[in-house]
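So you can see what is in the structure, the chains are spelled out below.
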Amino acid sequence: MRSSFQIVLVAGVFCLVATIARADSEIVIAIRYLQAQGTSHSHLYLYREDGKLLRQLTKDDSGQDSAPIFSSDGEIVVFTREQPNDVREFWSVKAHGADLKKLHAAPDWYAQAKSSPYFTNVEPEQPASATATSSPVESASTGPLLLASYKSPNGSVELLLHLDMNEEDDQINGPGHGKHYLLRDLKTGTETEFSKVPGFYGAAGLLHNTEDKNLYFLFDGSLRVAFFDLHLNSTDGDTVFALDFSGPRFVRLSPNWATPIPLPGGAAFLTFAENRYVPISGNKKTANCSYMEHWDEKLNKIRYAHEKSAALCYGASMYRPGLTPAVITLRRSSE
């Protein structure tokens, strides 16, 4: 946690005034704002968790700045600068914007750092019996099929993934799929089909946490969600919906794909969100873009980027004083 002291002149007398130690979480992001002409470059930007831009940390246009990571005490940010001809440099800068310098080599902690756990549908494993059950007895040709069931960690709700293979929507991963999935309230026994939940557009696979592939729910304080993927079409690809059990309701996290990244102890999560065909200001071109976004327990969203900008995210790191872990990181190199 950083603190500083200032000498303040008041009525001709020097008074020593201590500034309050910063307690807000901050996130540093490597952002490349795409431009109509010339080469755009990725720089580091420091935001407060609530979305306020604090300062731009780097401005050099000799290369692409990527993969910023906070040190464990939040004092400095180490990052990679990709130069032409595949030359890779390592730099550091203090979070308050001073002391930018090139390093002889990456610190061990930086080189060994990996992306924090996130939710994904990549290579899902068969659910463990303690958290999910499968019922392969029913034949797909005879109608209803229970793929699996999942109970929330606090035992309040259960998801039952039912398909009706006599319906066209349930035969393929696309809009309308999963309409017969059930949300069961384990306290009252009430069951609600997904098609009756506000915001439903479709649901296919239930995403799991990369650190624990049997973890399908994100329950943290008043935040109570699960994530479902859905294939849209060949143009738009896949997307992700958050099922908010507090509603219940479905909230789409991005026009295209979004990777949810938990913020333990904060009743919130980040997303690495992909947006296709974003207009580039100054011409008629579009680009496939990516952004870091923040979602609170009510699923209100903050985007860490200029408004209406076409941008690419080349990695991010959040420093959270007083929370565990103190540093949340998404490693993503420039392309």
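Look up: the structure comes first, before these words.
Residues numbered from 1 in each chain as written. Predicted model: local features only at pLDDT ≥ 70, side-chain atom pairs only at ≥ 80, totals over all residues. Heavy atoms only, no water.

## As for the packing of aromatic side chains
Using the criterion set out here, one finds 19 aromatic pairs in the structure. Ring centres 6.1 Å apart and planes at 75 degrees place the aromatic pair Phe90 and Tyr110 in the edge-to-face group. Here the residue Phe90 occupies a position in strand 8 (residues 87-94), and Tyr110 occupies one in helix 1 (residues 108-112), the gap between them amounting to 20 residues. Its relative accessible area of 1% is what places Tyr110 among the buried residues. Look at Tyr181 and Phe194: their rings are 5.5 Å apart centre to centre, the planes differ by 70 degrees, and that puts the pair in the edge-to-face class. Remark: Phe194 occurs in the loop between strand 15 (191-193) and strand 16 (208-209) and Tyr181 occurs in the loop between strand 13 (157-164) and strand 14 (182-185); sequence separation between them is 13 residues. In this structure, Tyr181 and Phe194 share a single accessibility class: buried. Aromatic rings pair up to connect Tyr181, Phe194, Phe200, Tyr201, Phe228, Phe241 and Phe250 into one cluster. Over the ring of Tyr110 we find Arg331, and its NZ or CZ is 4.6 Å from the ring centre. (Phe/Tyr/Trp six-rings, centres within 6.5 Å; stacked < 30°, edge-to-face > 60°. Helix = DSSP H or I, 4+ residues; strand = E, 2+ residues; numbered from the N terminus. Buried < 20%, exposed > 50% of the residue type's maximum accessible area, 1.4 Å probe, protein only. Lys NZ or Arg CZ within 6 Å of the ring centre and 35° of its normal.)

## Some remarks on unusual backbone geometry
Residues Gly247 and Pro248 are joined by a peptide bond in cis, for which omega reads -10 degrees. The phi dihedral of Asp99 is positive, around 60 degrees, even though this residue is not glycine. By secondary structure assignment, the location of Asp99 is in the loop between strand 8 and strand 9 (101-103). Even without a glycine there, the phi angle at Leu299 is positive, about 60 degrees. What makes Leu299 buried here is its relative accessible area of 7%.

## Some points on the nonpolar core
Counting 42 residues, the largest nonpolar core has Ile27, Ile29, Tyr47, Phe70, Leu270, Met292 and Tyr304 as its most contacted members. For this core, the element with the highest residue contribution is strand 25 (residues 311-319), accounting for seven residues. Leaving out residues up to four positions away in the same chain, Tyr304 has contacts with Ile27, Ile29, Ile31, Tyr47, Arg48, Glu49, Gly51, Leu270, Met292, Glu293, His294 and Met318. Judged by nonpolar contacts, the second largest core, of 24 residues, contains Phe217, Ala226, Leu230 and Phe245. (Core = buried A, V, L, I, M, F, W, Y, C linked by side-chain atoms within 4.5 Å. Contact = heavy atoms within 4.5 Å.)

None of the figures reported here should be taken as evidence of function without further support.
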